[in-house]
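Given next are the chains, with one letter for each unit.
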Amino acid sequence: IDLTILKKNTLYFGLEKDSSLVENFWKVLENFTKEQRCSFIRFVWGRSRLPPSSSEFDRKFELHSFERHGVS
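Residues numbered from 1 in each chain as written. Predicted model: local features only at pLDDT ≥ 70, side-chain atom pairs only at ≥ 80, totals over all residues. Heavy atoms only, no water.

(A) The pattern of salt bridges, seen in detail. In total, this model carries one salt bridge according to the counting rule given. Here Lys7 ties to Glu30 by a salt bridge, and the two come within 3.3 Å at their closest N and O atoms. Placement of Lys7 in helix α1 (residues 3–8) and of Glu30 in helix α2 (residues 20–31) is noted, with a sequence separation of 23 residues between them. (Salt bridge = Lys/Arg side-chain N within 4 Å of Asp/Glu carboxyl O. Helix = DSSP H or I, 4+ residues; strand = E, 2+ residues; numbered from the N terminus.)

Have a look at this one:
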């Protein structure tokens, strides 16, 4: 799983690309083993590997913020 390609093909919703939350997300993925990365991609995307190039992405990877409303 080439994280450089994944980062280039990621859309951010309610998050800034350079926020600490996003940077920590990518650091965690960088520390995953090859098998863990494949499992992650399979879990979030339903496939075990990425397209080989950016031009072959038919759908971008998305990261969304999560806000809990009404929680004290």
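Structure shown, so let's carry the discussion forward.
(B) How the structure looks around the side chain of Thr10. With respect to the helices and strands, the residue Thr10 is situated in strand β1 (residues 10–13). A polar contact of 2.5 Å, which involves the side chain of Thr10, links it to the backbone oxygen of Leu6. Those residues in contact with Thr10 that sit more than four places away from it in its chain are Trp26, Phe61 and Leu63. (Polar contact = N/O pair within 3.5 Å; in protein donor to acceptor, adjacent residues only side chain to side chain. Contact = heavy atoms within 4.5 Å.)

(C) Representation of the confidence of the model for the protein chain. Per-residue confidence for the protein chain averages 87 on the pLDDT scale, and 93% of its residues sit at or above 70. The secondary-structure element of the protein chain with the lowest mean pLDDT is strand β2 (residues 61–64), recorded at 90, while α2 shows the highest, at 95. (pLDDT = per-residue confidence, 0-100.)

(D) Structural detail: the nonpolar core. If you look at the biggest cluster of nonpolar residues, it comprises 15 residues, and the most contacted ones within it are Leu6, Trp26, Trp45 and Phe61. For this core, the secondary-structure elements that each account for two or more residues are α1, α2, α3 (34–45) and β2. (Core = buried A, V, L, I, M, F, W, Y, C linked by side-chain atoms within 4.5 Å. Buried < 20%, exposed > 50% of the residue type's maximum accessible area, 1.4 Å probe, protein only.)

(E) Structural detail: α3. Between its first and last C-alpha, α3 extends 16 Å over 12 residues, near the 16 Å set by a 1.5 Å rise per residue. For α3, the complete set of buried residues consists of Arg37, Cys38, Phe40, Ile41 and Trp45. Looking straight down α3, one finds that the buried residues subtend no more than 160° of arc, so they occupy a single side. The outward face of α3, more than 90 degrees from its buried face, is lined by the exposed residues Glu35 and Phe43. Where α3 is buried, its residues meet α1, α2 and β2. Directly beyond the C-terminal end of α3, a positive phi value near 75° is found at Gly46. (Expected span 1.5 Å × (residues − 1). Arc of directions from axis to C-beta.)

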